[in-house]
Amino acid sequence: MAFKDIRSFMNLLEKRGELVRVTAEVDAELEITEITDRISKQYGPALLFENVKGSNYPVLINSMGSDDRMSWALGVNELDDLERDIANLINMQNYIKIPSLIRSIPNLMRLLAVFPWKLPMKGACQEVIEHHPDLSTLPVLKCWPEDGGRFFTLPLVMTKDPDTGVQNTGMYRMQIFDKNTTGMHWHWHKDGREIYDKYRQLGGKMPVSVAIGCDPAIIFSAIAPLPKMIDEMMFAGYLRKRPVKMVKSITNDIYVPADAEFILEGYVDVNEALRLEGPFGDHTGYYSLADMYPAFHVTCITHKKDAIYPATIVGRPPMEDCYMSKATERAFLPLLKMIYPEIVDYSLPFEGVFHNCVIVSIKKRFPGHGKKVMNSLWGMGQMMYAKMIIVVDEDINPHDTKIVANHIFKTLNLKEDLVFSQGPLDALDHSSATDHYGYRLGIDATRKFEVEGKMVEWKIAEQKDFTSYLETHPQIQSFDYPLQGVLQGCLIVSMKKQQSGDVQNLMHELWNQEEMAFNKFLIVVDEDVDAKDTSKVAWKVFNNIDAKRDLEIVEVSDQNFGHRVGIDATKKTTLDQHPRQWPNDIVMSDEIKEKVTRRWSEYGIN
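Note that the coordinates shown come from a computational prediction; the quantities given were computed from them, not determined experimentally.

Reading the values: rules and limits
Residues numbered from 1 in each chain as written. Predicted model: local features only at pLDDT ≥ 70, side-chain atom pairs only at ≥ 80, totals over all residues. Heavy atoms only, no water. Helix = DSSP H or I, 4+ residues; strand = E, 2+ residues; numbered from the N terminus. Rg over C-alpha atoms; globule rule 2.2 N^0.38 Å. Buried < 20%, exposed > 50% of the residue type's maximum accessible area, 1.4 Å probe, protein only. Contact = heavy atoms within 4.5 Å. Areas by Shrake-Rupley, 256 points an atom, 1.4 Å probe, with all protein chains shown as cover. Lys, Arg positive; Asp, Glu negative; His and termini not counted. Charge placed at Lys NZ, Arg CZ, Asp CG, Glu CD. Axes fitted to C-alpha atoms, helices over the stretch in contact; angles between N-to-C directions. Parallel < 35°, antiparallel > 145°, perpendicular 65-115°, else oblique. Nonpolar A, V, L, I, M, F, W, Y, C, P; charged D, E, K, R; others polar.

The subject of this paragraph is the overall build of the chain. A tally of regular secondary structure across the chain gives 16 helices and 30 strands. Relative to the 2.2 N^0.38 estimate, which gives 25 Å for 606 residues, the radius of gyration of the chain is 25 Å and therefore close to what a compact globule would have. Structurally, the chain occupies a C-alpha span of about 75 × 65 × 50 Å along its principal axes. Every one of the 606 residues in the chain was classed for burial, and the buried ones make up 58%. Sequence separation of at least 24 residues holds for 71% of the intrachain contacts in the chain that already meet a minimum separation of 6. Counting every atom, the chain has about 25300 Å² of accessible surface; 51% of that belongs to carbon and sulfur. For the chain, the distance from the average site of its 69 positive side-chain charges to the average site of its 85 negative ones is 5 Å.

This is the structure in structure tokens:
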């Protein structure tokens with residue numbers, strides 16, 4: 001099913017019982033976030049806040065915050081259908097023989113829908129034109145207590161390459177500075193930043209239009225890691241099975257989706273000094289730190305007469321963006337397979353927050369094949385940000401993290417199977433010693449050819465109870481040391497660090513205990529982390545480690561076991577000689593938590 005606009009998608013959700021209307025007055029500052037975060041963590045419905053304090057516009061949020069809703073948004077019954085659909089399209093065998101070609105005619109006809117229609121008239125997004133814009137009239141959210149202000153969180157930023165005239169659409173958060181100025185959060189590695197740099201060579205003003213509230217296929221296309229030669233509106237047209245209708249902005253030459261709810265038109269003055277933007281509670285579950293970015297000057301706002309304002313919130317998973325990530329994962333698997341046919345499947349676990357962990361299964365054919373794949377992936381587009389790539393054999397399901405973890409714990413040769421790679425890191429990575437650059441970790445968990453070295457199976461003959469020692473240890477706040485199951489042989493402890501070297505000293509102290517003879521993985525987290533919360537521990541490991549600095553690999557005297565590893569997943573400070581500021585975890589204020597708990601019955605959400 002294709003959706004004309006965001007409200008047609010919203011209507012479908014309501015018919016299927018996946019949307020709740022909240023009529024009670026709510027505040028766009030923090031209150032909406034706390035309500036939505038609770039619903040996201042409970043895998044709950046989309047929400048339409050109809051009465052937002054200080055604004056005439058309702059807020060739609062969490063509309064794609066489940067596997068089902070994300071699938072419906074892209075016109076499929078389940079996300080695996082999206083993978084099969086794209087795989088079928090790019091399979092050249094479908095077009096070589098006449099019978100196959102005939103069967104593929106529906107796919108070929110569908111390609112006609114990819115070309116956007118530029119309409120010679122105004123669109124629904126231009127029913128109301130405001131030449132004296134005031135951003136304070138919009139219900140823009142302040143998401144988290146330490147945020148620098150209110151942020152547009154689902155803006156589709158549309159720019160035009162001055163050399164080629166080709167438009168680009170990307171999603172970059174925008175902090176409101178005043179009634180007609182926002183920040184423009186263009187990271188180094190983003191297409192929007194590249195176009196901005198071209199305009200800097202020319203000088204003057206760079207035209208920008210921002211669409212807010214498009215149909216879900218367009219929203220998804222704006223965040224998809226598309227190759228530069230593929231236009232986002234063309235990809236959206238393919239997904240929605242009908243062309244995207246575009247109209248010219250009122251005050252510049254940029255074309256925008258005709259059925260968007262709002263359009264912000266304006267410019268970025270490339271000669272203007274950068275402004276301090278942030279902090280912002282980001283999808284990593286941490287605040288991204290304040291930094292200097294260009295300013296966007298809004299000169300005109302257009303919108304529908306009865307416009308709806310869509311938003312999203314990000315933070316510690318699971319949240320709505322996790323399902324967008326899963327859709328991206330499924331959509332681009334066929335392209336990965338086309339380039340690397342040995343790839344069977346891959347997974348981006350929620351705890352890895354898009355770019356911190358990739359698990360990939362392959363058909364291994366030769367020695368070093370696993371290492372070849374991880375290095376190839378680090379050379380592909382946004383895969384360069386992957387802090388950890390785990391490669392397993394084709395009979396291991398990369399989506400079953402328990403099976404993957406169990407396989408790694410039992411069979412990994414810690415001396416031979418780890419790859420440390422220096423390269424680009426995401427701007428949001430806070431654990432490396434330098435901005436945008438540091439160490440990435442590859443784990444080759446495939447079965448080995450003889451030339452690759454001995455494959456060690458970590459056999460636990462008799463694991464002794466260690467509870468009394470751990471419970472009475474003065475530094476250990478909580479622990480998890482399962483005597484059976486998937487994590488057997490792994491000890492997780494939370495501790496209060498007081499001085500330099502505390503983590504390493506605790507590791508060696510524990511390894512010297514007789515009861516730790518069968519410990520292969522020792523993970524240390526901060527005192528505020530419950531060691532038994534496996535999901536949170538994994539999130540801390542993926543976010544907090546620099547692969548070169550925070551892994552300590554030691555040899556075990558019993559040669560059947562090989563080596564064991566200690567992982568320091570604690571926060572790093574000057575105590576640890578970490579030169580950069582470490583961001584805070586995103587946590588809602590107690591005041592807002594208490595307010596939402598007190599008012600919960602008023603919201604009418606079951």
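Now that the structure has been shown, we can carry on.
The next point concerns the environment of arginine 447. Tracing the chain through its elements places arginine 447 in the loop between strand 25 (437-444) and helix 13 (467-472). For arginine 447 and proline 474, which are 27 residues apart along the polypeptide, the C-alpha to C-alpha distance reads 41 Å.

All right, on to the packing of helix 2 (residues 31-41) against helix 16 (residues 590-603) then. Their axes nearest at 10 Å, the elements helix 2 and helix 16 cross at an angle of 70°. Looking at the two axes, helix 2 sits roughly perpendicular to helix 16. Counted together, Glu31, Glu34, Ile35, Arg38 and Ile39 of helix 2 and Ile592, Lys593, Lys595, Val596, Thr597, Arg599, Trp600 and Tyr603 of helix 16 form the full contact between these two elements. The class makeup of the residues in the contact of helix 2 with helix 16 is six nonpolar, one polar and six charged.

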